[in-house]
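What the coordinates show
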Amino acid sequence: MTRHDRRRLGIGLLFISPWVIGFIAFGLYPIAMAVYYSLTDYDVLREPVWVGTLNYQDMVTDDVFWKALWNTMVYATFSVPLSLILSLLVAVLLNRSIVGRSIFRTCFYIPAIVPLVAVGMIWIWLFNGDLGLINHALSLIGIEGPQWTGDQHWTKPMLILSSVWQIGGSMVLFLAGLQDVPRSLYESADLDGAGPTHQFWHITVPMVSPVLYFNLIMGIIGGVQEFVKPFVMMPDGGPNRSALLFAVYIYQNAFTFNNMGYACAMAVVLFLIILVLTWLANRMVSSRVYYAGD
Amino acid sequence: MRAKPLTLLTRNAPEPDAHRLMNPFGPAHVRLLCLPLLACVLLWCGGCGDRQPDRTPDGRVIVDYWEKWTGFEGEAIQSVIDDFNASQDRIFVRRLTVSQIEQKLMLATAGGNPPDVAGLWDYNIATFSERGALTPLDRRLAEAGISAEDYIPALWDVCEHRGRVWALPSTPATNALHWNKAMFREAGLDPDQPPRSLAELDAMAEKLTFVEVVRDGRPVQLYYPELTDAEKAAKHFRLLRVGFSPDEPGWWKHQWGAWFGAELWDQDAEITADSPANIEAMRWFGSYTEKYGVANFQRFGESFGEFSSPQNPFLDGRVAMVLQGVWMYNFIDKYAPTLEWGAAPFPAQNPGVLEDVTIISCDVLVIPKGAKHPDEAFEFIRYVNSREAMEKLCLRQRKFSPLAEHSPSFIADHPNPAIGVFIDLAKSANAKTIPQLSIWLEYRGELDVAADRVFDKLATPEEALAYARNRMQWKFDRERRRWDMTSAKRQEEWDAQ
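Fair warning: this is a prediction, and the values are worked out from it, not measured in the lab.

Some details on the overall build of chain A
- What chain A contains, in helices and strands, is 15 helices and 2 strands.
- Compactness check: chain A gives a C-alpha radius of gyration of 24 Å against a globular reference of 19 Å for 294 residues, more than 25% above the reference.
- Here the C-alpha coordinates of chain A stretch approximately 75 × 70 × 30 Å along the principal axes.
- For chain A, restricting intrachain contacts to residue pairs at least 6 apart in sequence, the fraction spanning at least 24 positions comes to 70%.

What about the overall build of chain B?
- Assigned secondary structure in chain B consists of 19 helices and 13 strands.
- Within chain B, the proportion of its 497 residues that are buried is 44%.

Focus: the interface of chain A and chain B
- Counting from both sides, the interface comprises 26 residues of chain A and, opposite them, 30 residues of chain B.
- Sorting the residues of the side of chain A that touches chain B by element identifies α1 (3-15), α2 (17-37) and α14 (246-256) of chain A as the ones contributing at least two each.
- For the side of chain A that touches chain B, the element with the highest residue contribution is α2 of chain A, accounting for 3 residues.
- Along the lines of polarity and charge, the residues of the side of chain A that touches chain B split into 11 nonpolar, 8 polar and 7 charged.

Side note on the nonpolar core
- Counting 164 residues, the largest nonpolar core has V117, W259, V364, V366, F422 and A426 of chain B as its most contacted members.
- When residues in this core are grouped by element, the largest group, 8 residues, is from helix α18 (residues 440-455) of chain B.
- In this structure, V117 of chain B is in contact with V63, Y65, L365, I367, A377, F380 and I381 of chain B, ignoring residues within four places of it in sequence.
- Ranked by size, the runner-up nonpolar core spans 11 residues in total, among them I167, M171, F174 and L216 of chain A.

Looking at the confidence of the model for chain A
- Across chain A, the average pLDDT comes to 91, with 99% of residues at or above 70.
- When the elements of chain A are averaged for pLDDT, strand β2 (residues 49-50) of chain A gives the smallest value, 86, and α2 of chain A the largest, 95.

Section: the environment of S428 of chain B
Residues and elements named next belong to chain B.
- Mapped onto the secondary structure, S428 falls in the loop between α17 (419-426) and β13 (431-432).
- The exposure class assigned to S428 is partly exposed, which follows from the 18 C-beta atoms found within 10 Å.
- Along the chain, S428 and A154 lie 274 residues apart, while their C-alpha atoms are 8.9 Å from each other.

Quick notes on the pairing of strand β9 (residues 237-244) of chain B
Residue and element names in this part refer to chain B.
- For β9, the tally of buried residues reaches 6 of 8 residues, placing the bulk of the element in the interior.
- Pairing analysis gives 4 bridges linking strand β7 (residues 210-215) to β9, with the strands arranged antiparallel. Looking across to β9, one finds that E212 is bridged to R238.
- Pairing analysis gives 2 bridges linking β9 to strand β10 (residues 319-325), with the strands arranged parallel. Across the sheet, the residue bridging to V242 is V319, located in β10.

So, the packing of helix α3 (residues 54-61) of chain A against helix α15 (residues 260-285) of chain A
Residue and element names in this part refer to chain A.
- Where α3 contacts α15, the two axes come as close as 9 Å, and the packing angle between them is 75°. Comparing the axis directions of α3 and α15 gives the class roughly perpendicular. Mapping the contact onto sequence places N55, Y56, D58 and M59 in α3 and G261, Y262, A265, M266 and V269 in α15.
- Per-class residue counts for the contact of α3 with α15 are 6 nonpolar, 2 polar and 1 charged.

Some words on unusual backbone geometry
Residues and elements named next belong to chain B.
- Of note, the bond from E248 into P249 is cis; its omega dihedral lies within 30 degrees of zero at 0°.
- Its location among the elements puts P249 in the loop between β9 and α11 (276-292).
- Look at K235: it is not a glycine, yet its phi comes out positive at around 60°.
- Mapped onto the secondary structure, K235 falls in the loop between α10 (229-234) and β9.
- Since 17 C-beta atoms lie within 10 Å of it, K235 is described here as partly exposed.

A look at the environment of I103 of chain A
Residues and elements named next belong to chain A.
- Locating I103 in the fold gives a position in helix α5 (residues 101-113).
- A residue is classified by how many C-beta atoms lie within 10 Å of it, and I103, with 9 of them, is exposed.
- Spatially, the C-alpha atom of I103 lies 45 Å from that of W66, the residues being 37 residues apart in sequence.

Let's talk about the packing of α5 of chain A against helix α9 (residues 168-179) of chain A
Residues and elements named next belong to chain A.
- At their nearest, the axes of α5 and α9 sit 7 Å apart, and the two run at 135° to each other. When the interaxial angle is binned, α5 and α9 end up oblique. On α9, the residues touching F108, Y109, I110, P111 and A112 of α5 are G168, G169, M171 and V172.
- When grouped by side-chain class, the residues that make up the contact of α5 with α9 number 7 nonpolar, 2 polar and no charged.

Topic: helix α12 (residues 294-302) of chain B
Residues and elements named next belong to chain B.
- Buried within α12 are the following residues: F297, Q298, F300 and G301. Projected down its long axis, α12 carries its buried residues within an arc of 165°, all on one side.
- Next to the buried residues of α12 lie β9 and α11.

What to know about the pairing of strand β1 (residues 61-67) of chain B
Residue and element names in this part refer to chain B.
- Most of β1 is tucked away, with 5 of its 7 residues classed as buried.
- Here β1 pairs with strand β2 (residues 91-97) via 7 bridges, running parallel. Opposite W66, over in β2, you have L96 as the bridge partner.
- A crossover links β1 with its parallel partner β2, the connecting element being helix α3 (residues 71-86), and its sense is right-handed.
- Alignment of β1 against strand β3 (residues 117-121), held across 2 bridges, turns out to be parallel. Across the sheet, the residue bridging to Y65 is V117, located in β3.

Remarks on the confidence of the model for chain B
- Per-residue confidence for chain B gives a mean pLDDT of 89; residues scoring 70 or more make up 90%.
- Across the assembled chains, the prediction reports ipTM 0.84 with pTM 0.86.

A short note on α2 of chain A
All names here are of chain A.
- The terminal C-alpha atoms of α2, which comprises 21 residues, lie 28 Å apart, in line with the 30 Å expected from a rise of 1.5 Å per residue.
- Its axis deflected by about 40° at I24, α2 carries its strongest bend there.
- When you tally the buried positions in α2, you get 1 out of 21 residues, a small fraction of the element.

Description of the environment of E355 of chain B
Residue and element names in this part refer to chain B.
- Mapped onto the elements of the fold, E355 is located in the loop between β11 (341-344) and β12 (358-366).
- Its 14 C-beta neighbours within 10 Å are what place E355 among the partly exposed residues.
- In the structure, E355 is positioned 75 residues away from E280 in sequence and 18 Å away in space, judged by C-alpha atoms.
- Look past the residues within four positions of E355 in its chain and what remains in contact with it is A348 and N430.

Rules of the game
- Residues numbered from 1 in each chain as written.
- Chains lettered and ligands numbered in written order.
- Predicted model: local features only at pLDDT ≥ 70, side-chain atom pairs only at ≥ 80, totals over all residues.
- Helix = DSSP H or I, 4+ residues; strand = E, 2+ residues; numbered from the N terminus.
- Rg over C-alpha atoms; globule rule 2.2 N^0.38 Å.
- Contact = placed C-beta atoms within 7 Å.
- Buried ≥ 20, exposed ≤ 12 C-beta atoms within 10 Å, placed from the backbone.
- Nonpolar A, V, L, I, M, F, W, Y, C, P; charged D, E, K, R; others polar.
- Core = buried A, V, L, I, M, F, W, Y, C linked by C-beta atoms within 7 Å.
- pLDDT = per-residue confidence, 0-100.
- Pairing = 2+ DSSP bridges.
- Axes fitted to C-alpha atoms, helices over the stretch in contact; angles between N-to-C directions.
- Parallel < 35°, antiparallel > 145°, perpendicular 65-115°, else oblique.
- Arc of directions from axis to C-beta.
- Right-handed = clockwise from strand over helix to strand, strands pointing away.
- Expected span 1.5 Å × (residues − 1).
- Bend = angle between axes of the 7 residues up to and from the residue.

The structure is reproduced here in structure tokens:
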């Protein structure tokens, strides 16, 4: 590297220094400290005491940790594919030339911009076992609705159902992807006699597969980290901790029980879980994704 | 017409100077570089630039006071602060209303920038003091001549931990049975005779419970005792009104053991959540869903509105008896002024042995560690704890005074007609405080989960409490190990303060 190159590198680094400094101060440093605190007994007020892997060992024997992990996996397993399928279907329907299309698009997108705390408060009333509109609607067709918030078997389905409502974000991405599909493909499929179902499976799905892939990865990351709605709807985890999600348990440990070291260790584990799930999804799906440019 | 391309260099602008572009230290680059650097400098300074002055224009020291109260409770403390400020030429107290005060105070103290005075709850004292977040008050109390004799004994006890005093009470509370006299009358009970034992309470609750059952395809509404044995066993009815629910409001379900003479901790190293008396209390707690049905109670509970609303089930006449605190009068007065009610000590399981049981708690004033004006802060706390100021605060907040003596007119002036009951309970030998444990919040949460499992018939009292005990013993052992490692250093620090 010549003197000139070095000087240019220095100037380049200087130019990006605000971002680099910001990233180190607000990104890298907190992450590194979280990893460090995960190896200590730390309650925010006292000096951290080094305990090695004790927090991680405690996690193995902590029933509530496993319960929270199980709840989160059940939640993500159902809510991610459901949201994905529903948002793709809605996007396909809204991509057709129908009357009032832009109004429908707006309506379906609005839930995505409503503050999550407000959404949580509204859902808890909708799911009320005695006065809720959902049970009222069920009673009109002769079904006695369950105690969504009181019965431990129904709290997770309640969270999953309420998450499916907010598909606006992924729907918009699907819409953008759908508009890139060349019309000529559908026209030639029409000529070859392919019906709407065949066209959907053999043209639409492969052509929007990059968006599908992106939404899947983001869905997994978001689903496993889900916090705000369960925290607002059931701050203590619901009956028998049946709706205690992983991120809520981290919050409880960090800010209610002052077990910051333990909470950091759980955050590190959550990070590893997301890493593994994303890697798995990547391995299983990426070879099936079609990029027009390839 | 074609749109003009978006570019900064218009055709008429002079060609950029090739030499200047090549020379990276030209003025344009310097200007560009200066901007982010300037931003960084401003950001850096921003952190220290928003400090408020710690003196008023007339030279008085400003004492920052964080308090959680809002509404009429906030106005009550403000009027006491105003009196204090008017009496002072040296100190000025500035109140800031803070929500989620525990978390914010913890972070502010850890960050080295706490307020001078903070209003916490009694259950924070063990946690905060043990972790070195509070200033011990012993030396200042001795200098001011304030001692245990000045206070209701249980309230002084909750301010102590590890042999030192960490706080002074502000407004205390005890809880008692509140009953709806009109509902008693309607059910054929004497409206002026509350239950005197738990067995009597259960029997009265049964007579007061009003249900809807389907008979021959038609809904029929009647009192619970009028149901046939088969209907009672099948539990296929809907609760419209209940005499009593041990899960309403559910704020003390971790402490029902108090009415059975149980303790949650042996004052040393053992968590005693599954002691026989606690198991018995939990069995009584679960007996209500045993009798009236889990799903029936769940559905009934779902129909309640917010606590602070006219849809509160006690205020709208759907629950005849509740365990509630001294503050309940405020809500009756606001949302159901015509309610005919009374308050009496909540009956114990064995009234001959255990009388006047209550859970006593209080809001407290503390000086966080690292406060900039601890002496001035103490001056203010001391003022609030003078009889005159304390009675003003407690009258306006409609609570009772934590001081051992109150002025002769206090009860007569008090708007709550039952205030005497709460004062007598506070002075009772069976006024129970929360266990002074630094893991109490977690312990309380665990006991609540255990209680819910029993109430929902997911576990027996023995199973649920043994699980809670094991889990909390594990946490407590860890906490004690930690304390053993740091206590010598902590005691040294406290001695120096």
